[in-house]
Amino acid sequence: MKLKKGILILSGLFIATVAIMLFSFVKKIENFSAQKPNLAQDLILTVPAGTGRIGLEALLIQHHLIEDNRLLPWVFRLEPELAEFKAGTYRLKKEMTLREILQLLSSGKETQFSIRFVEGSRLSDWVKILQNAPYLKHEAEAKTPQELTEQLGMKAGESLEGWLYPDTYLYTAGTSDTELLKRAHQKMVMVVEQEWKNRAENLPYENAYQMLIMASIVEKEAAINSERTKVASVFINRLRSKMRLQTDPTVIYGLGDKYTGTIFRSNLNTLTPYNTYMIEGLPPTPIAMPGLSSIKAAAHPAATGYLYFVANGKGGHTFTTNLGAHNKAVVLYRENREKLKQDK
């Protein structure tokens, strides 16, 4: 009996010892997964397609997210769902624990990057922004303008200028620049179709494209939202009166890389398809990517008798109905400008 009792005691001690050791080991694993890597700032981590557990371990060590990989397999055994990590590019926040990092990799919630195209920017501006965008797959630069427009669903020979909606776009790593352009184009098509459908009556446009051209001019001329419909009214009135638009932004666009920041009289007297001091009506294409407020202004211009406007030196414009009043406004603007120079 004593021997049997002793065996039971020893068995109990052994089981207790094993339980304590097991508890201690599990606790060690939990502490391991609860540790915070010593990151100075957020880290963008890319898990390549086809990465297995060994590859992930090497990746975590490479980026100093773990010191060694001896306990990592046990983390996966205790929580098998953490081993179902997915390829992608993730933003690891510096305050995250290892377990939270593994949870993120298992969720497949890749980080999203943003790219901003402002109202009034030109196609050449978009190209530069796309070229400098991080984690973007560059395809557009290898395509001819015709190939690019066809890929976006446009007709052969059509210009992309004006047909991309300025906005902030989100994308994940590996997204192609052509995909972003396609989204921007589809959004602009939708907006233009909607505004053309709801436009005011008796506007001197032959089609929605001419309305888009007008919107691009309004975008470049009006810095204040409240003035956009007035600016649009000036150009609408000029079109109706068979007057030339005489707007500097179209001249600048026609100069292209030759424009250095100043328009000279010789520029105004040089014929280009965009020199509205010399051509009749609208230029052949938009001169920028207009925003929604400018498109709405082109579709719903204010009802005015204005034929002229000039900067007032305060960020806005002075609008007038005749050349005499306009000339006086020009003189006043120049006087105010000279006074400001002298005050400085």
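The structure contained in this document is the topic of the report that follows. (Residues numbered from 1 in each chain as written. Predicted model: local features only at pLDDT ≥ 70, side-chain atom pairs only at ≥ 80, totals over all residues. Heavy atoms only, no water.)

### Here's the deal with the overall build of the protein
For the protein, the helix and strand inventory stands at 13 helices and six strands. The C-alpha extent of the protein, read off along each of the three principal axes, is 125 × 55 × 40 Å. Out of the 344 residues in the protein, the part that is buried amounts to 40%. A sequence separation of at least 24 residues applies to 66% of the contacts in the protein between residues at least 6 apart. For the protein, the distance from the average site of its 43 positive side-chain charges to the average site of its 35 negative ones is 5 Å. (Helix = DSSP H or I, 4+ residues; strand = E, 2+ residues; numbered from the N terminus. Buried < 20%, exposed > 50% of the residue type's maximum accessible area, 1.4 Å probe, protein only. Contact = heavy atoms within 4.5 Å. Lys, Arg positive; Asp, Glu negative; His and termini not counted. Charge placed at Lys NZ, Arg CZ, Asp CG, Glu CD.)

### Examining the environment of lysine 36
Within the secondary structure, lysine 36 sits in the loop between helix H1 (2–34) and strand S1 (43–47). Lysine 36 has contacts with Glu95, Met96 and Thr97, leaving out every residue within four places of it along the chain.

### Overview of the layout of surface pockets
There is about 980 Å³ of room inside the largest pocket. Lining of the largest pocket is provided by 29 residues; of these, Gln246, Asp248, Tyr277, Phe309 and Val310 occupy positions nearest its centre. Classifying every residue of the lining of the largest pocket by side-chain character gives 18 nonpolar, four polar and seven charged. Quantified by volume, the second largest pocket comes out at close to 300 Å³. Lining the second largest pocket are 18 residues, with Leu123, Val127, Ala140, Leu148 and Leu160 positioned closest to its centre. Among the elements of the structure, helix H5 (123–131), helix H6 (145–151) and helix H7 (177–197) are those that each provide at least two residues to the lining of the second largest pocket. Ranked by residues supplied to the lining of the second largest pocket, first place goes to H5 with five residues. Looking at side-chain class alone, the lining of the second largest pocket contains nine nonpolar, five polar and four charged residues. (1 Å grid on protein atoms, 1.4 Å probe; cavity = no way out; pocket = protein on both sides within 12 Å on 5 of 7 lines; lining within 4 Å. Points joined across faces, edges and corners; volume = space filled by probe spheres on them. Nonpolar A, V, L, I, M, F, W, Y, C, P; charged D, E, K, R; others polar.)

### Some details on helix H4 (residues 98–107)
Every buried residue of H4 is accounted for by Leu98, Ile101, Leu102, Leu104, Leu105 and Ser106. Immediately beyond the C-terminal end of H4, within one or two residues, lies glycine 108, with a positive phi of roughly 75 degrees.

### Quick notes on the packing of helix H8 (residues 208–221) against helix H9 (residues 228–240)
Where H8 meets H9, the closest approach of the two axes is 9 Å, and the angle between their N-to-C directions is 130 degrees. With respect to H9, the element H8 is oriented oblique. The chirality of how H8 crosses H9 is right-handed. Here Met214, Ile217, Val218, Glu219 and Glu221 of H8 lie close against H9, whose contacting residues are Arg228, Val231, Ala232, Phe235, Ile236 and Leu239. (Axes fitted to C-alpha atoms, helices over the stretch in contact; angles between N-to-C directions. Parallel < 35°, antiparallel > 145°, perpendicular 65-115°, else oblique. Left-handed = near helix turned anticlockwise from the far one by under 90°.)

### A word on H8
Over its 14 residues, H8 extends 20 Å from the first C-alpha to the last, a length consistent with the 20 Å expected when each residue adds 1.5 Å. For H8, the tally of buried residues reaches twelve of 14 residues, placing the bulk of the element in the interior. Of the residues making up H8, those classed as buried are Ala208, Gln210, Met211, Leu212, Ile213, Met214, Ala215, Ser216, Ile217, Val218, Glu219 and Glu221. With a side-chain oxygen lying 3.2 Å from the backbone nitrogen of tyrosine 209, the N-terminal cap of H8 falls on asparagine 207. (Expected span 1.5 Å × (residues − 1). Polar contact = N/O pair within 3.5 Å; in protein donor to acceptor, adjacent residues only side chain to side chain.)

### Focus on the packing of aromatic side chains
Applying the stated criterion across every chain yields a total of nine aromatic pairs. One aromatic cluster is present, built from ring pairs that chain together Phe235, Tyr306, Phe309 and Phe319. The ring of tryptophan 74 carries arginine 77 above its face, with NZ or CZ at 4.5 Å from the centroid. Above the plane of the ring of tyrosine 308 lies arginine 238, whose end atom (NZ or CZ) is 4.9 Å from the centre. (Phe/Tyr/Trp six-rings, centres within 6.5 Å; stacked < 30°, edge-to-face > 60°. Lys NZ or Arg CZ within 6 Å of the ring centre and 35° of its normal.)

### Description of the pairing of strand S6 (residues 317–320)
Pairing of strand S5 (residues 308–311) with S6, which is carried by four bridges, proceeds in the antiparallel orientation. When the bridges of S6 are listed, tyrosine 308 appears paired with threonine 320. Between the antiparallel neighbours S5 and S6 lie five residues, among them glycine 313 with a positive phi of about 80 degrees. (Pairing = 2+ DSSP bridges.)

### Structural notes on the packing of H7 against H8
Running from amino to carboxyl end, H7 crosses H8 at an angle of 105 degrees, the nearest separation of the two axes being 10 Å. Considering the angle they form, H7 stands roughly perpendicular to H8. Residues Met188, Val192, Glu195 and Trp196 of H7 form the contact with H8, whose participating residues are Ala208, Met211 and Leu212. Of the residues that constitute the contact of H7 with H8, the class distribution is six nonpolar, no polar and one charged.

### Considerations on unusual backbone geometry
One non-glycine residue, lysine 242, lies in the positive phi region at around 60 degrees. Inspection of the secondary structure assignment puts lysine 242 in the loop between H9 and helix H10 (248–255). In this structure lysine 242 comes out as exposed when scored by relative accessible area, which is 71%. The phi torsion at glutamine 246 lies on the positive side, around 50 degrees, for a residue other than glycine. Residue placement: glutamine 246 occurs in the loop between H9 and H10. For glutamine 246, a relative accessible area of 37% translates into the label partly exposed.

### Examining the pattern of salt bridges
By the definition in use, this model includes eight salt bridges. Between lysine 137 and glutamate 139 there is a salt bridge, with the nearest N and O atoms lying 3.6 Å from each other. Residue class for lysine 137 comes out partly exposed when judged on its relative accessible area of 45%. Using a relative accessible area of 25% as the deciding quantity, one classes glutamate 139 as partly exposed. Residue arginine 228 is joined to glutamate 219 by a salt bridge in which the shortest nitrogen-to-oxygen separation is 3.5 Å. On the basis of relative accessible area, arginine 228 is assigned to the buried category, the value being 8%. Glutamate 219 gets classed as buried once you look at its relative accessible area, which sits at 9%. A single salt-bridge network, built from bridges that share partners, covers Arg116, Glu119, Asp167 and Lys187. (Salt bridge = Lys/Arg side-chain N within 4 Å of Asp/Glu carboxyl O.)

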